[in-house]
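# Structure at a glance
One-letter residues, chain by chain:
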Amino acid sequence: MAPKSTKNYVKHCESGEIMLKKVTTLVTSVAAMLLLTSCSGGLLNQTAEEGEELTWRISTHQIPGTSRFESTLPVFAEELSKQTDGKFTVEIYGGGTLFPVTETYDAVARGNVQAAAIFTGFWSSKDPVFNLVTLPGDPISTPEEHFKRADALAPILNEVYADSGITYLGAFDYGPDEIFMSNKKIEKLEDFEGMSIRGTGVAAQFYDRLGASTVSIASPELYTALQLRTVDGAEFNDYLVNSEMGLHEVTDYVIEPALHTGPASDKDLIVNDEAWESLPKSYQDAFIAARNKAREATAGDYNDANEAAKQLWIDAGVEISQLPEEEVQRSRAVAYEWLAEYANKNESTEKYVTKYVEVLRELGYTKEADQIDSFRVEYPSGSSGQEER
């Protein structure tokens, strides 16, 4: 079943008056942003008492019209309006509309927008702990497990965000397992050797350890890269989003499971500290309730649609290749050694990995937790691990 299209409530300036309108998608430009600023006097400084009208701007990296935009952000906006009887509304700005996506962190910190639903991994240059938004070798597989892990790790990320005047409100949604698309059949880890793979961040470091060479390719260029065999493979998004991009047309194999990461948040929710603290408690509660509604939408309808999209790949002649369990376990050993070393980057990464292991144990992944801990003994705090390797 395809994700339900939900209409979004926004407020906008018209003839000097604030009017409530229902729209399916808000498409804006920098000129529109200037218009909004001029007629509102600057939304960041706008505060509201209980029951008063308030409009916030929320930015995202996703593009209006795509499943990962439409399945969550309009749902969030409508629920927020519903919870507050139409008093608290949001304007949603798609990826790159107001500023480059990579500048979203600073835009929220400065108050150019009050909030963002954004991928945390974009900020790895701010602090290495943000790189751990995807965890190599992660055995977690269900929405329930994902949100339990995300909520347990949220306080650690919030400590880092707080240094910049940002409040971290946790996982915004559920992103199903990414898939590894390849034009080469992979049956064992050695088959990765010499491959050219599209990968960034943690994925690049992980596949490098498997003997592949990784290159950074922007998502709009991925179709051509696979079609022309510029790369041999790519780990990117899920079946649904990738089929919308037509990637099933230029892929021979999908390797399951994707070894680098399991499910992760496509978007986390961050807000400007001053804006958040200015909200009445009922509006804060409504904001969290709206976030939870977005979580439900991705754990339900979106997840179902992603499973259904897998058939499109099979119908297109793509072979779904299951990697043998012994090879999956070998890959996890590589991943967990990397994670044990990375934990030593700073205090936040150390706390993050420690808490992650605790969550794995709580969820019953004792074997995986023990394996990570055994590598951490080899690479104790203060050691980069480079001299031992």
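Quick note: structure is the one above.
In this report, the structure presented in the accompanying data block is examined. (Residues numbered from 1 in each chain as written. Predicted model: local features only at pLDDT ≥ 70, side-chain atom pairs only at ≥ 80, totals over all residues. Heavy atoms only, no water.)

A word on the environment of Asp173. Relative to the helices and strands, Asp173 is located in the loop between strand 6 (166-171) and strand 7 (180-182). Sequence-distant contacts of Asp173, that is, excluding residues within four places in its chain, are made with Thr72, His146, Phe147, Ser265, Asp266, Lys267, Arg295 and Thr298. In this structure the side chain of Asp173 is engaged in a polar contact, spanning 2.7 Å, whose partner is the side chain of Lys267. (Helix = DSSP H or I, 4+ residues; strand = E, 2+ residues; numbered from the N terminus. Contact = heavy atoms within 4.5 Å. Polar contact = N/O pair within 3.5 Å; in protein donor to acceptor, adjacent residues only side chain to side chain.)

Moving on: empty space enclosed by the protein. Applying the stated criterion across every chain, the model contains two cavities of 30 Å³ or more. Taken together, 14 residues line the largest cavity, and the ones lying closest to its centre are Val133, Ala150, Tyr168, Ser265 and Tyr352. Elements with a contribution of two residues or more to the lining of the largest cavity: helix 5 (143-162) and strand 6. Element by element, the count of residues in the lining of the largest cavity is highest for helix 5, at six residues. Per-class residue counts for the lining of the largest cavity are ten nonpolar, two polar and two charged. Every residue lining the second largest cavity is listed: Arg68, Ser71, Asp173, Tyr174, Gly175, Asp266, Thr298 and Tyr302. Broken down by class, the residue content of the lining of the second largest cavity amounts to two nonpolar, three polar and three charged. (1 Å grid on protein atoms, 1.4 Å probe; cavity = no way out; pocket = protein on both sides within 12 Å on 5 of 7 lines; lining within 4 Å. Points joined across faces, edges and corners; volume = space filled by probe spheres on them. Nonpolar A, V, L, I, M, F, W, Y, C, P; charged D, E, K, R; others polar.)

The next subject is the sheet that holds strand 7. Taken together, six strands build an open sheet; the order of strands is 9-8-10-7-11-13 and the sheet is mixed. The two strands at the open ends of the sheet, each matched to only one other strand, are strand 9 (213-215) and strand 13 (319-322). With direction set aside, neighbouring strand axes in the sheet form an average angle of 30 degrees. Two elements, strand 7 and strand 10 (residues 233-235), share three bridges in a ladder whose sense is antiparallel. Its bridge partner lying in strand 10, Ser182 is registered against Gly233. The strands touched by helix 6 (residues 201-209) within the sheet are strand 7, strand 8 (196-198), strand 9 and strand 10, with strand 9 carrying the most contacts at an inclination of about 160 degrees. (Pairing = 2+ DSSP bridges. Axes fitted to C-alpha atoms, helices over the stretch in contact; angles between N-to-C directions.)

A separate point is the pattern of salt bridges. Under the definition given, this model contains 21 salt bridges. Residues Asp138 and Arg149 are paired through a salt bridge, measuring 2.2 Å at the closest nitrogen-oxygen approach. Placement of Asp138 in the loop between strand 5 (115-118) and helix 5 and of Arg149 in helix 5 is noted, with a sequence separation of eleven residues between them. Arg149 carries the same exposure label as Asp138, and that label is buried. Two residues, Glu368 and Arg332, come together in a salt bridge whose shortest N-O distance is 3.4 Å. (Salt bridge = Lys/Arg side-chain N within 4 Å of Asp/Glu carboxyl O. Buried < 20%, exposed > 50% of the residue type's maximum accessible area, 1.4 Å probe, protein only.)

To continue, consider helix 6. Inspection of helix 6 places Val202, Ala203, Ala204, Phe206 and Tyr207 among the buried residues, and these make up the whole buried set. The inward-facing, buried residues of helix 6 abut strand 7, strand 8, strand 9, strand 10 and helix 11 (325-342). Trailing helix 6 by a residue or two, Gly211 shows a phi angle of about 95 degrees, which is positive.

Bringing the packing of helix 5 against helix 12 (residues 347-362) into the picture now. Here helix 5 crosses helix 12 at 165 degrees, and the two axes come no closer than 9 Å. In terms of orientation, helix 5 lies roughly antiparallel with respect to helix 12. The interaxial crossing formed by helix 5 with helix 12 has right-handed handedness. Where helix 5 abuts helix 12, its residues Lys148, Arg149, Ala152, Leu153, Ile156, Leu157, Glu159 and Val160 lie against Ser348, Lys351, Tyr352, Lys355, Tyr356, Val359 and Glu362. Residue classes in the contact of helix 5 with helix 12 are distributed as eight nonpolar, one polar and six charged. (Parallel < 35°, antiparallel > 145°, perpendicular 65-115°, else oblique. Left-handed = near helix turned anticlockwise from the far one by under 90°.)

Nonpolar side chains tend toward joint burial in soluble globular proteins. Judged by nonpolar contacts, the single largest core of 60 residues is most densely connected at Tyr161, Phe180, Phe192 and Tyr207. Tallying contributions element by element places helix 11 first for this core, with seven residues. Setting aside its immediate chain neighbours within four residues, Tyr161 contacts Tyr105, Thr120, Trp123, Phe130, Ile166, Tyr168 and Ile270. Residues Phe69, Leu269, Val271 and Trp276 belong to the second largest nonpolar core, which totals 26 residues. (Core = buried A, V, L, I, M, F, W, Y, C linked by side-chain atoms within 4.5 Å.)

Under the criterion given, the structure shown has 20 aromatic pairs. The interplanar angle of 90 degrees and the centroid separation of 5.1 Å between the aromatic rings of Phe76 and Phe287 together place this pair among those described as edge-to-face. In this pair, Phe76 is assigned in helix 3 (residues 73-83) and Phe287 in helix 10 (residues 281-315), connecting sequence segments 211 residues apart. On the basis of relative accessible area, Phe76 is assigned to the buried category, the value being 1%. For Phe287, a relative accessible area of 1% corresponds to the buried category. Residues Phe88 and Phe287 carry aromatic rings whose centres are separated by 6.0 Å and whose planes lie at 20 degrees to one another, so their mutual orientation is stacked. You can see Phe88 sitting in strand 4 (residues 88-93) and its partner Phe287 sitting in helix 10, a full 199 residues away along the chain. (Phe/Tyr/Trp six-rings, centres within 6.5 Å; stacked < 30°, edge-to-face > 60°.)

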